[in-house]
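# Observations on the model geometry
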Amino acid sequence: MNKFSLIGHPLGHSMSPLIHDRLFALSGFEAEPYQLTDIAPEDIPSSRPIFEEHLGMNVTIPHKQAVIPLMDELGESARRYNSVNCIKNENGRLIGYNTDCDGFLRSAELLPISGNVVILGCGGVGRMIAIETAIHGGALTLAVIPQDVKNAQLLMAEIMEKCSGAAVKIADISSLDGNFDLLVNATPVGMYPKTDACAVSDNVIENCLSFFDVIYNPTETLLMKKARAMGKTAVGGASMLVYQAVKAHEIWYGGEFSAEDISKIILEVENTVDSMNKTKEKTI
């Protein structure tokens, strides 16, 4: 039977088994129940035999860079971000991919990423979204806290190197001003359990047309609630989580899925997260 797993450390509760098992069922592809495999950082260099037992794997923090030396080949997106979150075992050859970018792009299909875009935060997922936005012609503002200005400058230089002629500037998140077609929250501000926090003021929200929040817990952050109350479009992180998994199935065995089926999985993920939070609140 075909074996698939998520590796990371530490691995607490994850939505990955639910998502991947639903995708296997929809495609009719026979696989063992999706597993969580906790591997300590110091054990990664000797973990190739574990990888070879699998037809495919997903990779989460802190291993997205550490697994690269174990790969026989890297896909274009993995090379671009120097980050692997998906591995395919192709007849014993391990090929590393990055499907986070696909998850973002598919989630943001109806959002104006080629317009005037402000991204809150510049690390990890924020870096990836910034580069993808620049590749797709967006005019970028990197809004960061003062201690992250140096990182933002490094990211701006990387973007200019990868996308000649890109429009990029840096702003202080606390004094953000101007009108934007899209605001992306790539910070943890508003994440469960600190759900009463919002990374920007109501005035900033009023000056933006649409929103993408990478956070999927809660399924509707305070930022999203405020934006929707003003009649604006706001997309949450559950869609990105599901779509990056969809891309993995396309890579692993050529899986094909309808938009309707994917929408149902996104809704199930959101309902599961909401239910978990309600259960936690009752036990406090």
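Residues numbered from 1 in each chain as written. Predicted model: local features only at pLDDT ≥ 70, side-chain atom pairs only at ≥ 80, totals over all residues. Heavy atoms only, no water.

## Comments concerning the packing of helix 1 (residues 16-27) against helix 9 (residues 237-253)
Rules: Helix axes are fitted only over the stretch in contact, all axes being lines through C-alpha atoms; the angle between N-to-C directions runs from 0 to 180 degrees. Here a strand is any run of E in DSSP of at least two residues, a helix any run of H or I of at least four, and the numbering for each starts at the N terminus. Any angle that is under 35 degrees is reported as roughly parallel, and any over 145 degrees as roughly antiparallel; angles of 65 to 115 degrees are reported as roughly perpendicular and all others as oblique. Should the near helix be turned anticlockwise from the far one by less than a right angle, the crossing is left-handed, and should it be turned clockwise, the crossing is right-handed. Here, residues are in contact when the closest pair of their heavy atoms is within 4.5 Å.
Axis separation between helix 1 and helix 9 bottoms out at 10 Å; the angle between their running directions is 50 degrees. By the angle class used here, helix 1 and helix 9 are oblique. Once helix 1 is placed against helix 9, the crossing between them reads as right-handed. The segment helix 1 lies against helix 9, with Ile-19, His-20, Leu-23, Phe-24 and Ser-27 engaging Leu-241, Val-242, Ala-245, Val-246, His-249, Trp-252 and Tyr-253.

## Describing the sheet that holds strand 4 (residues 73-74)
Note on sheets: strands pair through backbone hydrogen bonds, and any given pair is parallel or antiparallel. Our working definition: Strands are treated as partners if at least two bridges between them are detected by DSSP.
Reading across from one edge, 2-1-3-5-6-4 is the order of the six strands in this open sheet, with mixed pairing throughout. The sheet terminates laterally at strand 2 (35-38) and strand 4, the two strands that pair on one side only. Of the pairings in the sheet, the one linking strand 1 (residues 4-8) to strand 3 (residues 56-59) comprises four bridges and is parallel in character. Bridging across to strand 3, Leu-6 finds its partner in Asn-58.

## A word on the nonpolar core
Across soluble globular proteins, you tend to see nonpolar side chains buried next to one another. Going by this rule: What is meant by a nonpolar core is a set of buried Ala, Val, Leu, Ile, Met, Phe, Trp, Tyr and Cys residues, joined one to another through side-chain atoms within 4.5 Å. Partly exposed describes any residue whose relative accessible area lies between the buried limit of under 20% and the exposed limit of over 50%, with all areas from a 1.4 Å probe on protein chains only and scaled to the type maximum.
Counting 30 residues, the largest nonpolar core has Phe-104, Ile-119, Leu-140, Ile-159 and Phe-212 as its most contacted members. Among the elements of the structure, helix 4 (100-107), strand 7 (116-120), helix 5 (125-135), strand 8 (139-144), helix 6 (149-162) and strand 10 (180-185) are those that each provide at least two residues to this core. If near-sequence neighbours (up to four positions away) are discounted, Phe-104 is found in contact with Ile-113, Met-128, Ile-129, Glu-132, Thr-133, Phe-212 and Met-240. In this structure, Phe-24, Ala-238, Phe-257 and Ile-266 belong to the second largest nonpolar core, which totals 27 residues.

## Side note on the side chain of Ser-5
Counted only if it meets this: As used in this structure description, the phrase polar contact means that two N or O atoms lie within 3.5 Å; if the pair is within protein, one of them must be able to donate a hydrogen and the other to accept it, and residues adjacent in sequence are counted only when both atoms belong to side chains.
Looking at the element boundaries, Ser-5 is found in strand 1. One polar contact links Ser-5 to Thr-37, side chain to side chain, over a distance of 2.5 Å. Ignoring anything within four residues of it in the chain, the contact list for Ser-5 reads Tyr-34, Gln-35, Leu-36, Thr-37, His-54, Gly-56, Met-57 and Asn-58.

## What to know about unusual backbone geometry
In the segment running from Ile-61 into Pro-62, the intervening peptide bond is cis, with an omega of 5 degrees. Relative to the assigned elements, Pro-62 resides in the loop between strand 3 and strand 4. Between Asn-217 and Pro-218 the backbone carries a cis peptide bond, its omega angle lying at 10 degrees. Within the secondary structure layout, Pro-218 lies in the loop between strand 11 (208-213) and helix 8 (222-229). Even without being a glycine, Asn-82 presents a positive backbone phi close to 50 degrees. Even without being a glycine, Asn-91 presents a positive backbone phi close to 55 degrees. Considering the arrangement of structural elements, one finds Asn-91 in the loop between strand 5 (86-90) and strand 6 (93-97). Taking the relative accessible area as the measure of exposure, Asn-91 reaches 81% and is therefore exposed.

## A closer look at the sheet that holds strand 10
The strand order across the open sheet formed by six strands is 9-8-7-10-11-12, and the pairing between neighbours is parallel. Since the sheet does not close on itself, it has two edges, and those belong to strand 9 (168-172) and strand 12 (233-235), each with one partner. Recorded for the sheet is a direction-independent mean angle of 20 degrees between the axes of neighbouring strands. Bridge analysis of strand 7 against strand 8 gives five bridges, and the strand direction is parallel. Looking at strand 8, one finds that Asn-116 is bridged to Ala-139. Packed onto the sheet, helix 5 meets strand 7, strand 8 and strand 10 and runs at close to 170 degrees relative to strand 7. Contacts from helix 6 reach strand 8 and strand 9 within the one sheet, and its direction differs from that of strand 9 by about 170 degrees.

## Describing the pairing of strand 1
Formally: Call a crossover right-handed when, viewed with both strands pointing away from you, the route from the first strand across the helix to the second goes clockwise.
For strand 1, the tally of buried residues reaches five of five residues, placing the bulk of the element in the interior. Judged by which residues are buried, strand 1 turns out to be covered on both faces: Phe-4, Leu-6 and Gly-8 on one side and Ser-5 and Ile-7 on the other are all buried. Viewed along the sheet, the connection from strand 1 through helix 1 into strand 2 turns out right-handed.

Read these as layout, nothing more, since geometry by itself doesn't imply function.
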